Amino acid sequence: MAMIPPVAYATASQDIRAEHDSELGLRGRMTNMKRILLHSPAAHRIYAEWFTLRDLLKPTLDDRAIWLLSLAISQVCRAEIPVAFFRRALIDSGLDPEAIEPTADETLLIAFGKVVAADANAVPDDIWAALKARYDDALLVNLVAFAGIMVATCVFTNAVRVDLDPELERYRRRG
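Quick notes on the rules
Every chain is numbered independently, its residues counted from 1 as its sequence is written. Since the coordinates come from a predicted model, pLDDT governs what is reported: local features require at least 70, and pairs of side-chain atoms require 80 or more to be given and counted, while whole-chain, interface and lining totals use all residues. Values shown for side chains rest on all heavy atoms present in the structure; no hydrogens or waters enter the calculation. A run of H or I in DSSP counts as a helix once it spans at least four residues, and a run of E counts as a strand once it spans at least two, with each numbered from the N terminus. To estimate the expected span of a helix, subtract one from its residue number and multiply by 1.5 Å. Residues are treated as being in contact if the distance between any of their heavy atoms lies within 4.5 Å. Side-chain rings of Phe, Tyr and Trp (the six-membered ring for Trp) are treated as a pair once their centres are within 6.5 Å; stacked means planes under 30 degrees apart, edge-to-face means over 60, and tilted covers the remaining angles. Think of it in three bands: residues with accessible area under 20% of the maximum for their type are buried, residues over 50% are exposed, and the middle band is partly exposed, with areas taken using a 1.4 Å probe on protein chains only. Whether a charge sits over a ring comes down to the Lys NZ or Arg CZ being within 6 Å of the ring centre and within 35 degrees of the ring normal. Definition of a polar contact: a pair of N or O atoms within 3.5 Å, with one able to donate and the other able to accept a hydrogen when the atoms are protein atoms, and with sequence-neighbouring residues admitted only if both atoms are side-chain atoms. The working definition used for a salt bridge is a side-chain nitrogen of Lys or Arg within 4 Å of a carboxyl oxygen of Asp or Glu.

Engineer: When you look at the environment of V76 in this model, what are you seeing that I'm missing?
Structural biologist: Along the polypeptide, V76 turns up in helix α4 (residues 63–76). With 78 residues separating them in the primary sequence, V76 and C154 have C-alpha atoms 9.6 Å apart.

Engineer: Help me understand helix α6 (residues 104–119) in this model?
Structural biologist: Along an α-helix, residues three or four positions apart point the same way, because every turn accommodates 3.6 residues. The end-to-end C-alpha distance of α6, which contains 16 residues, comes to 22 Å, matching closely the 22 Å that a straight helix rising 1.5 Å per residue would cover. In this fold, the buried residues of α6 make contact with α4, α7 (125–134) and α8 (137–160).

Engineer: What is the right way to look at the packing of aromatic side chains in this model?
Structural biologist: Any aromatic ring pair is given by two values, namely how distant the centres are and how the planes are angled relative to each other. According to the stated counting rule, one finds six aromatic pairs in the structure shown. Ring centres 4.9 Å apart and planes at 80° place the aromatic pair W50 and F51 in the edge-to-face group. The exposure class of W50 is buried, given its relative accessible area of 8%. One aromatic cluster is present, formed by W50, F51, F85, F86 and F146 through successive ring pairs. Positioned above the aromatic ring of Y9, the side-chain terminus of R17 is 5.1 Å from the ring centre. If you follow R27 out to its NZ or CZ, it ends over the ring of F51, 3.9 Å from the centre.

Engineer: Whenever I open this one, unusual backbone geometry confuses me. Can you help?
Structural biologist: What you tend to see is this: most non-glycine residues have negative phi, and most peptide bonds are trans. Unusually for a residue other than glycine, R78 sits at a positive phi of about 55°. A residue is classified by how much of its surface remains accessible, and R78, at 72% relative accessible area, is exposed. In this structure, R161 takes a positive phi of about 60° despite not being glycine. Locating R161 in the fold gives a position in the segment after α8.

Engineer: Would you take a moment to explain the environment of D163 for this structure?
Structural biologist: Tracing the backbone shows D163 in the segment after α8. In this structure D163 comes out as partly exposed when scored by relative accessible area, which is 35%. Aside from chain neighbours lying at most four places away, what touches D163 is M1, A2, N32 and I81. Here the side chain of D163 touches A2 through a polar contact of 3.4 Å, landing on its backbone nitrogen.

Engineer: Mind showing me how you'd approach the pattern of salt bridges here?
Structural biologist: Side chains that differ in charge, positive against negative, can pair when their charged atoms come close. Applying the stated criterion across every chain, the model contains eleven salt bridges. Salt-bridge contacts for K34 lead to E23; the nearest nitrogen and oxygen are separated by 2.6 Å. Separated by eleven residues along the polypeptide, K34 in helix α2 (residues 32–37) and E23 in helix α1 (residues 14–27) bring together distant segments of the chain. Taken as a pair, K34 and E23 share a single burial class, namely buried. Between D105 and R134 there is a salt bridge, and its shortest N-O distance comes to 2.3 Å. Residue D105 is located in helix α6, and its partner R134 is located in helix α7; the two are separated by 29 residues in the primary sequence. On the accessibility criterion, D105 (35% relative accessible area) is partly exposed. On the accessibility criterion, R134 (37% relative accessible area) is partly exposed.

Engineer: Would you mind showing me how to read the environment of L68 here?
Structural biologist: Take L68: it is sitting in helix α4. Given a relative accessible area of 7%, L68 falls into the buried group. Measuring from C-alpha to C-alpha, the distance between L68 and P97 comes to 8.8 Å, with 29 residues separating the pair along the chain. The residues contacting L68, other than those within four sequence positions of it, are L90, I100, E106 and I110.

Right, here's the structure in full:
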């Protein structure tokens, strides 16, 4: 059970209701994490910048690369909700998360995500060199910021013990 209860829309303040309605209008659903974040509309908006950064990455990185990066970060952080979320994205697009053969670029992004999640002070020079050979500085800034919000998302869901959304249950990794 989550350490902080989700916001109850019926008794929420007008600014919380407005943030809730905005989120539903933008993304069409409200997850357990978002319902808890709504206790602070500012915190909710900050975490929602994940979507802004994802969109800035998308002209260069496709969904699959972004999902694999995010999954790698989530796995290292041992964050059940994000892991299930990105497994769902992969599975629903017809991929088997355990059988994916990553491209060279995806392999680099996975390695980067794993080291950022484990110890951001330890990103090896060879990973940086490979990233810099592929991407410009603006993309690299967005990539690091995106990875940071992904780590923050994992920290939030883990620390608060956010309950797994029912629709993610079937995407949990077994065993």
